[in-house]
Each structure stands twice: as C-alpha cells, then as structure tokens.
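Observations on the model geometry
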Amino acid sequence: MVVGEHRTTKLVIDRDALRQNIKNEKSLLASDTNLFAVVKANAYGHGLVQIAQEAIAAGADGLCVAILDEALELRNAAIDVPILVLGITEVDNAAIAQQYNISLTVGSVEWLQDFQRMAFKHASSNKLNVHLAVDTGMGRIGFREIGEFKQALQLVNQAPFNFEGLFTHFATADETNQDYFNHQMTIWHQLTDDMDTMPPIVHVANSATSLWHLPVTGNMIRFGMAMYGLNPSGYEIETPFKLKPVLSLVTKIDFVKQIKQGEFVSYGATYQAKADEWIGTIPLGYADGYPRRMQGFHVLVAEQFCEIVGRVCMDQIMIRLPSKLPVGTDVTLIGRQHGKQISSEDVAEYAHTINYEIMTSMAPRLKRVYIN
Ligand SMILES: *Cc1c(COP(=O)(O)O)cnc(C)c1O
C-alpha cells in the first residue's frame, strides 16, 4: 500500500481530542462500566494501531473490531487488552482467535456445534471466548428465538468455550423517537431476564446509546463514533458533552492561474467562469476518499469558504479563489481554520450520506499525522 509521504495532503489526527472524548464519556458512566473503543475499519479512518494505543492510554478497557484480521493486527502490535470481533468469524478461522485470545461474536447454535466438533480434533488448552449476540430488532446477526438461544446457553457453558459476553445492538438509538429503542429493550428482557447466570460482560450500548440512553443495561459500552468526536445523529440531537472532532483533512494549493470569463474547468466542462477568476488546484481527489459529488461545495482557504469548481477528479480538485493566492497556501477540507469550520457532517450531508461513511472512506493513500 502506497502512502503519500511526499505530499502536502494529509489527515491530521488530534490525540488530545480523542482523550477528551473518552474522558468525558467515562465521567457519565457508572464506575463499574467498562468502555471498549471501537476501532474497526482502520479506526474509522484514523489509523487502527495508533488510535487503539491512544484509547487504551486514555482509559479504554478493551477494543472492538469488525473482522478477525483487525484483531490480529492489534495483537501483532503487542496490544494485550481484551479484543472483541463484532462480526461473524468463519468457524474455520476461529482457532486463530482462540490462539491469540481474541473474543468472537456468535449468533447461532450451528456455529457453536461446528466449532465444538473441530476443537475435538485439534485439542487446545485455551478456551474460545464467546460473546453471544441477541437480535432484538437490528435484524443483522444474533439469536432471535428463545429456544435456540437456550440451547446456545447450554453449549457455551461447556468446553471449549468461555462464555464471556452477551450483547445486542440498537437500530434507532440515534433518533429522537424512542419507540423502537424501547421495543428492542422489551425483546432483550424477554430473552435474557430468566437466565441463570450472566456472563461477565454484558453490553448493549453503541455511541448513540451511551450518549442519550444512560443509564442502560449492562456493564460495558462499545464506544465508536463519539470517541472520534462525531455526533452519531449528525446534527439531529445535541450531545450531553461537547464532542471534539479528532480528524482534519488538509492540503495546500499547488497550482494557481487566472481563467477568462467563459472558460471551463475540469471533466465534462461543467463549470464555466462567469468572470475572470483565480483558480487554485489542490492535490487530492476521490481516490483519497473525498467524494466525487462535492462539486459546488466549499473548502476553507485563508479563513474564507472557496467553492469547488468543476468535477472532483481522481487526484486533483479545482477551487475558486477570492484573489491571487500563492502556491503553498493552506487549504482545509474537513476541520477548522480559526473561526470557521467544515465538519465531516457538512461533507456528508452535501454528499447525501452519513459522516460514518465519509470517515471510513478516507483512503490508505492519505498520510496520517498524529498531533498533541
Ligand atoms: C460499529 C458498531 C458499534 C459502534 O457504533 P458507533 O455508533 O460508532 O458507536 C457498536 N456496536 C456494534 C455491534 C457495531 O457494529
């Protein structure tokens, strides 16, 4: 994977902002509630290992990832806190998790039986840490039916399993209407209330739940978006503390020219100058994860909003400058320039998506610079 080291375009990642978001959330939690930092998808574009280490230093008790390879990357970096894989891992690969003490999510009896059969063949002294997922209404993975769930409970309480966790996931915790959230809570109670023994870790809260639904069942939260300083609801609901955005996307103008009234810019010649205009070119494009549909949006240059003119190219973007500015002038695409700000939510709304997708689209080609 090539990283643009010799390039002005970069993601600036503010570790102090990350620490503050974690500290502020922890101050809302009961003292026996653990915070697991969700670092899947390259820590939402921020850099897997760096963010994991920083989050642990700031008080995170464990980590959540989406796939086994992300967990292995963390173990390779000598990170030894508990790690939970939130997605389904193939039974064939589960022995690797067992070997590296990585906890897996399980949502079916069949999976447990298959693993049990395999484990007989390659007897290992380690147990496999299992978190049972309960589908209370997300409709993605997990047990939905009490009979099958009870059967799973019997299985996980035997070798080769260590029944470590039980969880569910909410579909609408980031909405003002709480009806569906409450419905999921009811299903949760129906499925889990008469369990004889609870596993040590019970968790139902993502960022949205941990911001707007406390106190909530369980003793661990899966803290993702809000740790990166971003509001899971977009601009919909205010957060109980001020989130500090961790990431900025910045570059510098690398070419400046004046075009005449009536001349065109970029592919398709979709932008025509209404007057003689100064145009700057900046060295990033949709291959870096900045959406192609951002033509007509703006960036910050010298504390002023400047329009993106013409189509966003793969590696370059043109912007209209208020006047002739020198090559090397700072440009902010996401982040702050003194009083003015462009948030990833602003970019997301213009691109008709959510800030989660903008964050996780930030390409590996972008250099990541850690400050503070
Ligand atoms: C991604 C994910 C999270 C984190 O969600 P945020 O909204 O980023 O806090 C929590 N739980 C599960 C199951 C997830 O898949």
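- The name an unreviewed UniProt entry gives the protein chain is Alanine racemase, with Paucilactobacillus hokkaidonensis JCM 18461 as the organism.
- Reading the Pathway (unreviewed entry) entry of the UniProt record for the protein chain gives the comment "Amino-acid biosynthesis; D-alanine biosynthesis; D-alanine from L-alanine: step 1/1."
- Per UniProt, the comment on the protein chain under Catalytic activity (unreviewed entry) is "L-alanine = D-alanine".

1. A closer look at the UniProt feature "binding site: substrate" (unreviewed entry) in the protein chain
- UniProt annotation of "binding site: substrate" (unreviewed entry) refers to Arg-140 and Met-314 when read in the numbering used here. In sequence the annotated residues extend across 175 residues, and in space they extend as well, their farthest C-alpha pair lying 34.1 Å apart.
- Its location among the elements puts Arg-140 in the loop between strand S6 (128–133) and helix H7 (146–156).
- Owing to a relative accessible area of 55%, Arg-140 belongs among the exposed residues under this scheme.
- Summarising the element assignment, Met-314 is placed in the loop between strand S16 (304–307) and strand S17 (317–321).
- Assessed through its relative accessible area of 42%, Met-314 is described here as partly exposed.

2. A look at the site of the ligand
- What surrounds the ligand is the set Val-38, Lys-40, Tyr-44, Leu-86, Arg-140, His-169, Asn-206, Ser-207, Arg-222, Gly-224, Met-225 and Tyr-356.
- When the ligand sits alone it has 390 Å² of accessible area, and the protein chains cover 91% of it.
- A breakdown of the residues in the shell around the ligand according to their chemical character gives five nonpolar, four polar and three charged.

3. Overview of the packing of helix H1 (residues 15–26) against helix H3 (residues 48–57)
- Where H1 meets H3, the axes come as close as 9 Å, and the angle between the chain directions of the two elements is 45°. On the basis of the axis angle, H1 is oblique to H3. In the crossing of H1 with H3, the sense of the turn from one axis to the other is right-handed. Of the residues in H3, those touching H1 at Arg-15, Leu-18, Arg-19 and Ile-22 are Ile-51, Glu-54 and Ala-55.
- When its residues are assigned to classes, the contact of H1 with H3 shows four nonpolar, no polar and three charged.

Definitions and limits used
Residues numbered from 1 in each chain as written. Predicted model: local features only at pLDDT ≥ 70, side-chain atom pairs only at ≥ 80, totals over all residues. Heavy atoms only, no water. UniProt positions renumbered as here; feature names shortened; annotations may be inferred. Helix = DSSP H or I, 4+ residues; strand = E, 2+ residues; numbered from the N terminus. Buried < 20%, exposed > 50% of the residue type's maximum accessible area, 1.4 Å probe, protein only. Near = heavy atom within 4 Å. Areas by Shrake-Rupley, 256 points an atom, 1.4 Å probe, with all protein chains shown as cover. Nonpolar A, V, L, I, M, F, W, Y, C, P; charged D, E, K, R; others polar. Axes fitted to C-alpha atoms, helices over the stretch in contact; angles between N-to-C directions. Parallel < 35°, antiparallel > 145°, perpendicular 65-115°, else oblique. Left-handed = near helix turned anticlockwise from the far one by under 90°. Contact = heavy atoms within 4.5 Å.

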